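Take a look at the letters that make up each chain.
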Amino acid sequence: MTYKPVRLGVLGLGRAFMLMLPTFRNDDRVRLVAAAAPRVESRDAFVAEFGGRAYASVEELAADPEIDAVYIATPHQMHADHVEALAAGGKHILVDKPLAVTLKDADRMVAAADAAGVHLIVGPSHSFDPPVALARHMIASGDCGQVRMVQAFNYTDFLYRPRRPEELRTEEGGGVLFSQGVHQIDIVRLLCGGLARSVYAMTGAWDQERPTEGAYTAVLDFEGGAFASLTYSGYAHFDSDIWMNNVAELGGRKNPANYGAARRALRDLDPDAEARLKQTRTFGAGAEPPQPEANEHFGPIIISCDRADLRLSPGGVELFGDNDRSFIEAPLDPVPRKPVIDALVEAVRQDSAPTQTARWGRASLEVCHAILTSAARRQPVTLRQQCGIETKETQL
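The residue numbering used here restarts from 1 in each chain and proceeds along that chain's sequence as written. In keeping with the model being predicted, local features are shown solely for residues with a pLDDT of at least 70 and side-chain atom pairs are shown and tallied solely at 80 or more, while totals for entire chains, interfaces and linings include all residues. Working from all heavy atoms in the structure, the side-chain values ignore hydrogens and water.

> Explain the pattern of salt bridges residue by residue, including any values.
What makes a salt bridge here is a side-chain nitrogen of Lys or Arg within 4 Å of a carboxyl oxygen of Asp or Glu, nothing more. Across all of its chains, the model carries 29 salt bridges by this definition. Salt-bridge contacts for R362 lead to D107; the nearest nitrogen and oxygen are separated by 3.0 Å. Here D107 lies in helix 5 (residues 103–116) and R362 lies in helix 11 (residues 358–377), a separation of 255 residues in the sequence. One salt bridge connects R210 with E274, and the closest N-O pair in it is separated by 2.6 Å. In this pair, R210 is assigned in the loop between strand 8 (196–204) and strand 9 (215–222) and E274 in helix 9 (residues 271–279), connecting sequence segments 64 residues apart. Remark: exposure states derive from per-residue accessible area (1.4 Å probe, protein chains only) relative to the maximum for the residue type, with buried under 20%, exposed over 50%, and partly exposed in between. Look at E274 and you get buried, because its relative accessible area is 7%. Put simply, DSSP marks the helices as runs of H or I at least four residues long and the strands as runs of E at least two long, and each gets a number from the N terminus on.

Okay, here's the thing in structure tokens:
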């Protein structure tokens, strides 16, 4: 069925927006019609490329009657205020992960969307990646049997990419858990049915100059008996992309000669200079987003089922059965992150919510906080705000 394009506004024209640019430029189901951002240069660049209108405030964006939905790409700690303003303006919302920093803010966002009768989708998250959707479809078919165990791990240079000062403060959403762990949590919850019961975790904060969590290991158990181990390190040493065919997280090819580049770029920079370096990666600053050559991914993931193990890769899912081994391809679509736009269009035009709703985002955020609490207390934490998968299974 063909629908008229979703008229999309954008709130925030920084790095998150840059990473969605290839999608917006290549998917004619959405049309960028307005933006709001504090920097005049970014606003002018938006109008120059997309036309439409550019505002200095979220209130102006929320009042624009020509907008169907808004993509929120602002810093984590601003999400709740922005969702409340946009929901009150009757806009459907795609909010970049994580939903929020605090569970109190997450509750505000769930309530705001419910009160306004609008859809709130949390993404883009790597739970939208085609290989993840393919694995979920294979699990739902029943051919592999019940999911018993999931192992997910990722080693990156995340902590040494250019950061604003608040991105190195846990209480403001800094560190690897809120920006990175939520991807891993989303994927594992999706593959295991969503209803996690408890978390036992340890975290690492090993660099005094970047005093926030740079690593964690967590064990989750789920209703139905499945359990999962999640490990992440952002300390820019080992790079687990070498086990993903040298494909980077965003789908580009990695050059081994660039090893150590993240740390080298920060050498001798003070916090102000580092923040300025990050600003060079925003819209209107001359940078261009990466062009994917393969599906995005979030590190090696292995799913153990009754009759097979499944290994996710950028190209698809490798199946290790009782007697046979095969590879099921997840083709690269010409539109990057197309499943995110699928979800947005279905929500706006068909009133059909994806799995990654506000409640889903709140449940994944609960796991982030439980990891921090468990690590601090050195004991398991019971989860109380989880939600299961209630929508139709993904069809491929």
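> How would you explain the sheet that holds strand 1 (residues 6–11) if you had to name every residue and give the values?
Pairing between two strands requires that DSSP report at least two bridges joining them. Spatial strand order, 3-2-1-4-5-6: 6 strands in an open sheet with parallel pairing. Two strands bound the open sheet, and with one partner strand each, they are strand 3 (53–55) and strand 6 (120–122). On average, each strand axis in the sheet is tilted by 25 degrees relative to the strand beside it, whichever way the strands run. Examined bridge by bridge, strand 5 (residues 92–95) and strand 6 share 3 bridges and lie parallel to one another. What sits directly across from L94, in strand 6, is I121. This element, helix 10 (residues 338–350), spans strand 1, strand 2 (30–36), strand 4 (69–72), strand 5 and strand 6 of the sheet and lies at about 115 degrees to strand 1. Convention adopted: a line fitted to C-alpha atoms gives each axis, helices being fitted over their contacting stretch, and angles between N-to-C directions are expressed from 0 to 180 degrees. Residue contacts follow a heavy-atom distance rule, with two residues in contact if any of their heavy atoms lie within 4.5 Å.

> I'd like a rundown of the sheet that holds strand 8, residues and numbers included.
Spatial strand order, 14-13-12-11-7-10-9-8-15: 9 strands in an open sheet with mixed pairing. Each edge of the open sheet carries a strand with a single partner, namely strand 14 (325–329) and strand 15 (381–382). By the bridge criterion, 5 bridges tie strand 13 (residues 316–321) to strand 14 in an arrangement that is antiparallel. Residue L319 lies in a different strand from strand 14, and its bridge partner there is S326. This element, helix 11, spans strand 8, strand 9 and strand 15 of the sheet and lies at about 55 degrees to strand 8.

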